[in-house]
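# Examination of the molecular architecture
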Amino acid sequence: MTNQTLLETVYNAADDKKAADMVVLNMQGVSLLADYFLICHGNSDRQVQSIAREIKDRAEESGYNVKRLEGFDSARWILVDLGDVVAHVFHKDERAYYNLERLWGDAPELEMENR
C-alpha cells in the first residue's frame, strides 16, 4: 500500500467522525518526520478521542502499524503516528494556540476529495 492510500484512509476516518477544519500538509522535502500531516480538531474531549480512535482502528484494519499514539487520555492534542502519515487531532480550544499550519507554513497544502 502506498503513502497516498494511507493518507486517504486517515482522512476518511477523520471525516467520518466529523473532524472539523481538516488540513493536509505535504511534508515531503520540508521535514524528515513524515510525508504528510493531517491536522484537524474536534469540539469536545469525547469527539477528539473518537476521531483518533477511528484513525487508529481504520489504519490497523488496512494493515498499517500505529507507531505511536500520544495524548489520548487528556484529549487536548492527540498525535497518531503512522510513520509516513502523522495525524494531529486537536481539541478546538488548543488548535489555534499551537497553530501547526503556521509553524509548518512552508509545506504545501493538499486538497483532498471526500469520497
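Keep in mind that what you see is a predicted model, and the values were worked out from it rather than measured.

Let us look at the pattern of salt bridges. It is possible for side chains of opposite charge to pair when their charged atoms get near one another. Applying the stated criterion to the full structure yields 10 salt bridges. Of the charged contacts in the structure, one is a salt bridge between Arg 58 and Glu 54, with a shortest N-O distance of 3.0 Å. Separated by 4 residues within a single helix, Arg 58 and Glu 54 lie in helix H2 (residues 45–61), roughly one turn from each other. The shortest N-O distance in the salt bridge between Glu 60 and Lys 56 comes to 3.2 Å. Taken together, the residues span about one helical turn, with Glu 60 and Lys 56 both in helix H2 at a distance of 4 residues. Linked by salt bridges that have partners in common, Asp 45, Arg 76, Asp 93 and Glu 94 make up one network.

Below, the discussion takes up the nonpolar core. Counting 26 residues, the largest nonpolar core has Val 10, Ala 14, Leu 38 and Ile 55 as its most contacted members. Looking at this core, the elements that each hand over two or more residues are helix H1 (3–16), strand S1 (20–26), strand S2 (36–42), H2, strand S4 (77–81) and strand S5 (85–91). No other element matches H1, which puts 6 residues into this core. Once residues within four sequence positions are removed from consideration, Ala 14 is found in contact with Ala 19, Met 22, Leu 38, Cys 40, Ile 51 and Ile 55. Formed by 11 residues, the second largest nonpolar core is a distinct cluster that contains Leu 25, Met 27, Phe 37 and Val 86.

For the rest of this paragraph, the subject is the packing of H1 against H2. For the pair H1 and H2, interaxial distance at closest approach is 8 Å and the crossing angle is 140 degrees. As summarised for this structure, H1 and H2 are arranged oblique, according to the angle between their axes. Pair H1 / H2 crosses with right-handed handedness. Each of Thr 9, Val 10, Asn 12, Ala 13, Ala 14 and Asp 16 in H1 lies in contact with H2, whose residues at this interface are Ile 51, Glu 54, Ile 55, Arg 58 and Ala 59. For the contact of H1 with H2, a count of residues per class yields 6 nonpolar, 2 polar and 3 charged.

Turning next to the sheet that holds S5. In spatial order, the strands read S3-S4-S5-S2-S1-S6; together these 6 strands make up an open sheet with mixed pairing. In this open sheet, the two edge strands, each paired with only one partner strand, are strand S3 (68–70) and strand S6 (109–110). Where S4 lies against S5, 5 bridges are found, and the strand directions are antiparallel. Bridging from a neighbouring strand, Ile 78 pairs with Val 89 of S5. The strands touched by H2 within the sheet are S2, S3, S4 and S5, with S5 carrying the most contacts at an inclination of about 165 degrees.

What counts and what doesn't
Residues numbered from 1 in each chain as written. Predicted model: local features only at pLDDT ≥ 70, side-chain atom pairs only at ≥ 80, totals over all residues. Heavy atoms only, no water. Salt bridge = Lys/Arg side-chain N within 4 Å of Asp/Glu carboxyl O. Helix = DSSP H or I, 4+ residues; strand = E, 2+ residues; numbered from the N terminus. Core = buried A, V, L, I, M, F, W, Y, C linked by side-chain atoms within 4.5 Å. Buried < 20%, exposed > 50% of the residue type's maximum accessible area, 1.4 Å probe, protein only. Contact = heavy atoms within 4.5 Å. Axes fitted to C-alpha atoms, helices over the stretch in contact; angles between N-to-C directions. Parallel < 35°, antiparallel > 145°, perpendicular 65-115°, else oblique. Left-handed = near helix turned anticlockwise from the far one by under 90°. Nonpolar A, V, L, I, M, F, W, Y, C, P; charged D, E, K, R; others polar. Pairing = 2+ DSSP bridges.

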